Structure formats: C-alpha cells, structure tokens
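# A closer look at the structure
If you want the building blocks of each chain, they are given just below.
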Amino acid sequence: MKAFWSFLLFTVSGFFLYGRATIVDQTQTATHYLGAFLIFLAFVISIFCAGRLLARYLARTEPDFIVDLGLGLGFFIVVAQIFGLAGAIGYFPNPWLTAAWFLPVCLFAFLRMEFSFPRWGRLEAVGILLALFPFALTWIPDSMPDPLYYHLTSARWWLDAGRIYFPPTNAGVFVAGSWDALYLWAGYFVGGPEGKGLVEQQLFGQWTHFLLGGIGTACALHCLFAKIFPAITRHSLFWLTAIALLSSSQLSTVYLAKNDWGASFFLLLAVLLLQRPKYLLAGFFLGLALSSKPSMAFIALPLTLVFWPWKWRASAFVGGGLFLGALPYLWRNFSLTGEFFFPLLVGPEYPSFYQVRYYSGEGFSFSGKSFLWQQIANDSLFWVLTVALALVAWWARKRNALAAALAVAVTLGAVFFFCKVGLRAEFRLYGLGCLLLGGLGLGFLLERVAIKPAILAGLFLLASLWAGFPWVGPKLLFEAQSPQQEVQRHFGGQALVWIRANLVPEKVVGAVNDSRIFYLSDRKYARIWDSPPLDRELFAAQDLPGVVAALRRQGVEYLFFSRVDWDVLFSRSVVELLDQGWKQHPETIVFGNSTAKVIDLVRLEAKLRGKSEPHAPNDR
C-alpha cells in the first residue's frame, strides 16, 4: 500500500502546486515547477507498478528493478501509441489516459504487492550523488534542436489533434519513434491546448529521458559488466561502469528530451534477458530499442548475434517478441502511409527532396577534419580501445571468451557504422556501442591488473574532465533565470517572442535554417524544407523572385530567418537568395537582432515587383 499512498500524495500535491498550464512567456513560481516534478514522480510510481504486474503475471520473472522499469516503460509506450492511433488521446484529464495511469497503481495496491529495489550501500550513494550533477541541467529547458524539432513537437501535434497522424507539410514527424510516445504522457500531464504548458512539457521530457532512460541504462550496463567480468571486485565494477558512461559522446544527450538513452536501455535489457534465458521478453525489448532509434541497428546486430540462441524454437520466440515490441510503431507507419519501415522516403504524398537526401546519407551537415578530431576527443577511449580490443580479443578468448566475442562484435559494429554512415556523422548515433567500447577495454585491463578502487576513482575524475562532464550543472541551475526566460534566451528566442506576441496563430510562418519549432507548435509554423510541396518548388527555383513566389504560393507570409545554419545542405543557394532579399530591402524586417530576423514576405514580394503594398503584422 506504500506505493498507492505515495502515488496519491504526489498526484494531489503535484496538481495543487502546479495549478494550470500557462503560455510560454508567462513567468511562474518555483512551486509551479515543483508541482510538475511531483506529477512526474507519480508517473514513475505508476510505471513501476505496471512493470511489476506485467513481470509477475505475464513474463513470470522474479522481482528485478530494471526489468520492472523496462516493462513499465513498454506498457506506457504501447498504451500511448494504441490510444493515439485510436484517436483517444488529449490533455489531462483525458478519460482514457487517466484510466491507464491510475489502473496499474490500483491493481498493485489491491493485490498487496511490493517493489524489490536493490539495497543501497555506500557505492550506490556515491552514484546517486554523481548523478545529481547532470540532473540539475534537466531543470533548464535546453535549446538543442532535436527535441524541439520532433521528439517533443510530434507529441504536441498529436495531442492537439487528439490522434497520431503524419502532417503532410511536416515531414520531420516521421522520425519520431517508440520512445517518443512517452512524451505524449509529458504533454498529457502538464500541457494544454493553444500552446499552454510547452516549457513544462520540455522539462518533463528531460526528466523522463534522464531518470528513466539514463539511470536505467547505467544500472543495466553495470549488470552486463558484472556478467562479462565476474572476477572484478564490486568496487572496481562500480568505477568501471562510471568510466564507461563517461567515455562516450552520448553523455551529452542524457539531460535532453531525446531517445538515445532510452533505446540503449531497451537494447541492454534485451541482451541481459537473452542470457537468462527469457527469449520472448528479450525480443520485445529489442523491438522497442530498434523502433525507438533505427540507427541502434548498427550495434544491435553484432551484439545480439553474440547472445543469439541458435535453436529454432528459441529464435522463434526472440523473433516473435521483436515483432510485438515493434508492432505499434510498424502499425502506425503502415496505417498512415502504407509502408512499415521508416516511411519518410516513400509514398507519393510525403517525400521531401531535402529529407530524402538527408536520410539517405548525403545530408550530414558535419564536415571537415576539425569535426572528426572533435569526435575523437569526445569519445576519448574509443580510438585507443578499438585497437586494443582487436589485439587482446584473440589472446583473451580462452580466459574470457564472452568478453573477447563482445569486443570483436562491438568493434565490427563500429566499422560497419563508419562504412555506412561515414566519418562526418556524429558517432553518438552508434548508441550503446559507444558505452561498451570504453567499458570492455577497461574491463580487460582490470581482469589482469589489480588496480585499487581509489586509483579508478581518480581515473574517473580525469575522464570526467576530458569528456566535459557537467559538474557545473548545479552552478548553472543556481545562475539560471526562470524557465520561460531561459527559453527566450535560446538562439533566436526573442524573434519567437515577437511572433507569439504580434501574429495570430493563423498566420503562416516559415522557418529558414532552424529546426526548433516546438515553441510555435500550436501555430501554422514549419521549416520550409519539411513541406514536400514547398520543398519541390524551392528545389526548382533559380532566382530570388522565384523563391519568394514559391513561398507565397504555399501561403507563407513571414519568414523566421535564423543564423544557426544547422542543415541547409543542398538548399544553401535558396538560403543565400533569401538572405540577399532582406539585405537589399531591410524595410521588410519586422523584427531583427544578431541571431535571428522575422521577414515580412508579402512586403518583400511587393518590393520585388516594384509595388508598395502595406502589410500590417500586428493582428491582435
């Protein structure tokens, strides 16, 4: 009953302190955000209740912290997708989502069940203390483009529409995977119609990714290393896991509302369950991992081959579980587009020249040797350990065949990644493989050399400095302004403030160079490359009048012109023409500063035609 009363306490006090969802630019008190966090904690309790029920009555597994967490997350992902496809989602108190949220806790209490968490010792206390440093950053809404492009924005559009759908003028929504269905719950709890609760939803999403995906990955990685290196002491194993977590550029995403750590957690669970063996359950988590982040296949393929049960019956169970885990994602794609796999590149209605080139491998905007060396620095242990693993794997095969096989598999996966994607892509897209490379290399060393835990702790401190570990998280939180003010301080944030204050939602605004559209997601606002009809016209445009005419034919009245230069790719010529337009006619700029400008496209079109047509932006 402890879980039920804790759930009830967090729910009642959370909604009491939270009050109502507010618009982006309305400042709130600290108790408002504390209320949102208490609601999040109530959600976490429901996740664990659902997971323990499923583990006991369906999977028939003993109480296990990470299995319960994985099944609970899987339950809420599947429920969100099913209700979304059925057109039964919405903001709190949506009856269907509310019932799904309360039911696991009520059943858990009715059956008088209890949780089984690992006992906390000194090492666990140290781990919690270390986790608090980056966790502080989850209380500051980050401006990284990906969450504000599709992770959070897709969920927001679906909640506003009351159903999951693929808007034909916003191709980026196709990228949203299974993990992103959790952000439907973020919007359900703290969001609201007409652009309310956007800031709170981002914070809720950041807590979800860090505390559920990130901490879950750390715990599952520790369990995997314990199985691979049984001779290593408990203290050394703790620092081995901590250093492995630091040896990857994926660390930079843990406090964002993304999917990297959620997909890594599901894949680790699949690997652990393949060894138990729980084949159907392992396949289920493998399906969740691949449908959350398709690039996870680069590491999932070699990793699962090491643990794959080479028997027909067992393989059938793994394959069946994989299908079940990915089924809601596959059905979502097929029911809306007629294609199962990553439907962005198919179908007569949806393709965008920009998106096709980007996701076919031609569009990575990262280039130059400096970026490659930056990756080497970020993944500090990768390059050394890749060579080291290849050398020691053959020698170590008799003493630790499992570790040797994993070393070869993970290294081959990295080679496969670079052969397919190229050196200009972010290596963090290799996902879990980034974490395993560092840990496996250090684990080989610890098996043969007696290194005192104190020395390992010192190595952790050095690795944290090298990897840019966010020790400054609490300091940044202390210095931060209110979350609303932090959003306004984002790159181009003041231009978005002007749009929200001066243009009615019906005005069509196109974004140039910037993919952070979340904070205008309730408006007719999109990146111009994500509208396939517009993208096709822009692709054929040759001069400034042609570009402006193409935009106007699609109803675009204003341009949000950011200087991010995030991914202009082959469309750089179009951007340069638009840049030339407002420079030649600065009177068409209705808002401008050093980072962004808002261009009155109707007025610019009139100037190019030699006319003087007034266009009043303020419609309020």
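This report concerns the structure included in the present document. (Residues numbered from 1 in each chain as written. Predicted model: local features only at pLDDT ≥ 70, side-chain atom pairs only at ≥ 80, totals over all residues. Heavy atoms only, no water.)

What follows deals with the nonpolar core. Of all hydrophobic cores here, the largest spans 172 residues; its most connected members are Trp185, Phe189, Phe285, Tyr430 and Leu432. The greatest single-element share of this core, amounting to 15 residues, is contributed by helix H2 (residues 30–57). The next biggest cluster of nonpolar side chains, apart from the first, holds 22 residues, and it includes Val547, Val574, Trp582 and Ile599. (Core = buried A, V, L, I, M, F, W, Y, C linked by side-chain atoms within 4.5 Å. Buried < 20%, exposed > 50% of the residue type's maximum accessible area, 1.4 Å probe, protein only. Helix = DSSP H or I, 4+ residues; strand = E, 2+ residues; numbered from the N terminus.)

Summarising burial for strand E5 (residues 596–600): five of the five residues are buried, a large majority. Every second residue of E5 is oriented toward a common face, with Ala596, Val598 and Asp600 on one face and Lys597 and Ile599 on the other, all of them buried. Bridge count between strand E3 (residues 558–562) and E5: five bridges; the pairing is antiparallel. Bridge assignment links tyrosine 558 to a residue of E5, and that residue is aspartate 600. Two elements, strand E4 (residues 589–592) and E5, share three bridges in a ladder whose sense is antiparallel. Counted as the bridge partner of isoleucine 589 is isoleucine 599 from E5. (Pairing = 2+ DSSP bridges.)

Bringing the state of the cysteines into the picture now. Think of a disulfide as a covalent bridge from one cysteine sulfur atom to another cysteine sulfur atom. Under the defined criterion, the tally for this structure stands at zero disulfides. Summary of cysteine pairing: cysteine 49 is not part of a disulfide, and the nearest cysteine sulfur, belonging to cysteine 106, is at 9.3 Å. Free cysteine cysteine 219: the closest other cysteine sulfur is in cysteine 223, separated by 7.2 Å. (Disulfide = S-S within 2.5 Å.)

On to the pairing of E3, then. Burial runs high along E3: five of the five residues are buried. Both faces of E3 are covered, namely the face carrying Tyr558, Phe560 and Ser562 and the face carrying Leu559 and Phe561.

What follows is about the packing of aromatic side chains. Evaluation of the coordinates by the stated rule reveals 48 aromatic pairs. Ring plane angle 85° and centroid distance 5.9 Å describe the contact between tyrosine 149 and tyrosine 150, whose orientation is recorded as edge-to-face. The burial state of tyrosine 149 is the same as that of tyrosine 150; both residues are buried. Ring geometry for phenylalanine 298 against phenylalanine 417: centres 5.2 Å apart, planes inclined by 85°, an arrangement best described as edge-to-face. (Phe/Tyr/Trp six-rings, centres within 6.5 Å; stacked < 30°, edge-to-face > 60°.)

One pass over the full model with this rule turns up 19 salt bridges. The residue arginine 276 makes a salt bridge to aspartate 64 at a minimum N-O spacing of 2.6 Å. Of this pair, arginine 276 sits in the loop between helix H10 (260–274) and helix H11 (279–292) while aspartate 64 sits in the loop between H2 and helix H3 (65–85); the two residues are 212 residues apart in sequence, bridging distant segments of the chain. Accessibility expressed as a relative area gives 18% for aspartate 64, which makes it buried. With a shortest N-O distance of 2.8 Å, glutamate 124 and arginine 234 are connected by a salt bridge. In this pair, glutamate 124 is assigned in helix H5 (residues 122–135) and arginine 234 in helix H9 (residues 234–246), connecting sequence segments 110 residues apart. A residue is classified by how much of its surface remains accessible, and glutamate 124, at 26% relative accessible area, is partly exposed. (Salt bridge = Lys/Arg side-chain N within 4 Å of Asp/Glu carboxyl O.)

Turning our eyes to something else, we now look at the environment of valine 509. As for its position among the elements, valine 509 is in strand E1 (residues 509–512). Separated by 51 residues in sequence, valine 509 and phenylalanine 560 have C-alpha atoms that sit 6.9 Å apart. Here valine 509 is in contact with Ile499, Leu503, Lys524, Tyr525, Ala526, Tyr558 and Phe560, once residues within four sequence places are set aside. (Contact = heavy atoms within 4.5 Å.)

Time to look at the sheet that holds E1. An order of E2-E1-E3-E5-E4 is seen for the five strands of this open sheet, with the pairing classed as mixed. Every other strand in the sheet has two partners, leaving strand E2 (525–527) and E4 as the edge strands with one partner each. Averaged over all pairs of adjacent strands, the angle between their axes in this sheet comes to 20°, without regard to strand direction. Relative to E3, helix H25 (residues 572–584) is tilted by about 105°, and along the sheet it contacts E1, E3, E4 and E5. (Axes fitted to C-alpha atoms, helices over the stretch in contact; angles between N-to-C directions.)

Relative orientation of the contacting elements H3 and helix H13 (residues 312–337) amounts to 20°, with a least axis distance of 10 Å. Considered as vectors, H3 and H13 are oriented roughly parallel to each other. As for the relative orientation of H3 and H13, their crossing is left-handed in sense. Contact with H3, carried on its side by Val78, Gln81 and Leu85, involves Pro328, Tyr329, Trp331, Arg332 and Ser335 of H13 and no other residues of that element. Residue composition of the contact of H3 with H13, grouped by class: five nonpolar, two polar and one charged. (Parallel < 35°, antiparallel > 145°, perpendicular 65-115°, else oblique. Left-handed = near helix turned anticlockwise from the far one by under 90°. Nonpolar A, V, L, I, M, F, W, Y, C, P; charged D, E, K, R; others polar.)

These values are about where atoms sit, not about what they do.
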